[in-house]
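# A look at the structure
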Amino acid sequence: MRRRDVLKLLLGGVCTLALCRYVRMEDAMAEDIGKVTKSDAEWKKQLTPEAYDVLRHEGTERPFSSPLNNEKHAGMFACAACGLPLFPSKFKFDSGTGWPSFFNSLPGHIETKTDNSLLTQRTEYHCARCGGHQGHVFEDGPAPTGLRYCNNGVALKFVPS
């Protein structure tokens, strides 16, 4: 569905070319997500050591180590720290990289920032509610978005539908 058509649905059929040009689909579809703030000690107590390293200190799990890499059931992949839904299972695909990968995310449920920690610039993404590090997004994914959200499995929990 084209952005203009989505906006028409969201705005009750009123979408002039000028309005569609200035209203981003992500903004129109995003819900108000309350923030979760905890101390480092509270996160450390709540999370496993591996999840704590990834979610709170932007670590990376070993490839092919997560059982979620092979998860194929219908449901929702949510942040392991706060439970915010991030990826419906219909957005998951096998990227062959060893990490759960998705071609899209729920609008407004992730936030991005530039990561210059390696020799190249990457786009890092975090849970919009708790700020937990999830992974990186690359422009080598499948249609329809061409994106690959490469996620640490330990940063996710799967909720079957």
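A brief report on the enclosed structure follows. Because the structure is predicted, anything quoted here is derived from the model rather than measured.

## Considering the pattern of salt bridges
Side-chain pairs of opposite charge can arise whenever the charged atoms involved come near each other. What the rule picks out here adds up to 5 salt bridges. Between K35 and E111 there is a salt bridge, with its nearest N and O atoms 2.8 Å apart. Placement of the pair is K35 in the loop between α3 (25–29) and α4 (40–46) and E111 in strand β5 (residues 110–115), with a sequence separation of 76 residues. One salt bridge connects K113 with E58, and the closest N-O pair in it is separated by 3.1 Å. Here K113 is found in strand β5, whereas its partner E58 is found in the loop between α5 (49–57) and β1 (75–79), with 55 residues between them in sequence.

## Overview of unusual backbone geometry
For the bond from A143 to P144, the omega torsion is 10 degrees, close enough to zero to count as cis. Even without being glycine, F64 reaches a positive phi, approximately 65 degrees. In this fold, F64 is placed in the loop between α5 and β1.

## Concerning the sheet that holds strand β8 (residues 148–151)
Read across the open sheet, the 6 strands follow the order β3-β4-β8-β7-β6-β5; overall the sheet is antiparallel. At either margin of the open sheet sits one strand with a lone partner, and together these are β3 (92–93) and β5. Sheet topology places strand β6 (residues 122–127) next to strand β7 (residues 133–138); 4 bridges connect them, and they run antiparallel. If you follow T123 over to β7, its bridge partner there is V137.

What counts as what
- Residues numbered from 1 in each chain as written.
- Predicted model: local features only at pLDDT ≥ 70, side-chain atom pairs only at ≥ 80, totals over all residues.
- Heavy atoms only, no water.
- Salt bridge = Lys/Arg side-chain N within 4 Å of Asp/Glu carboxyl O.
- Helix = DSSP H or I, 4+ residues; strand = E, 2+ residues; numbered from the N terminus.
- Pairing = 2+ DSSP bridges.

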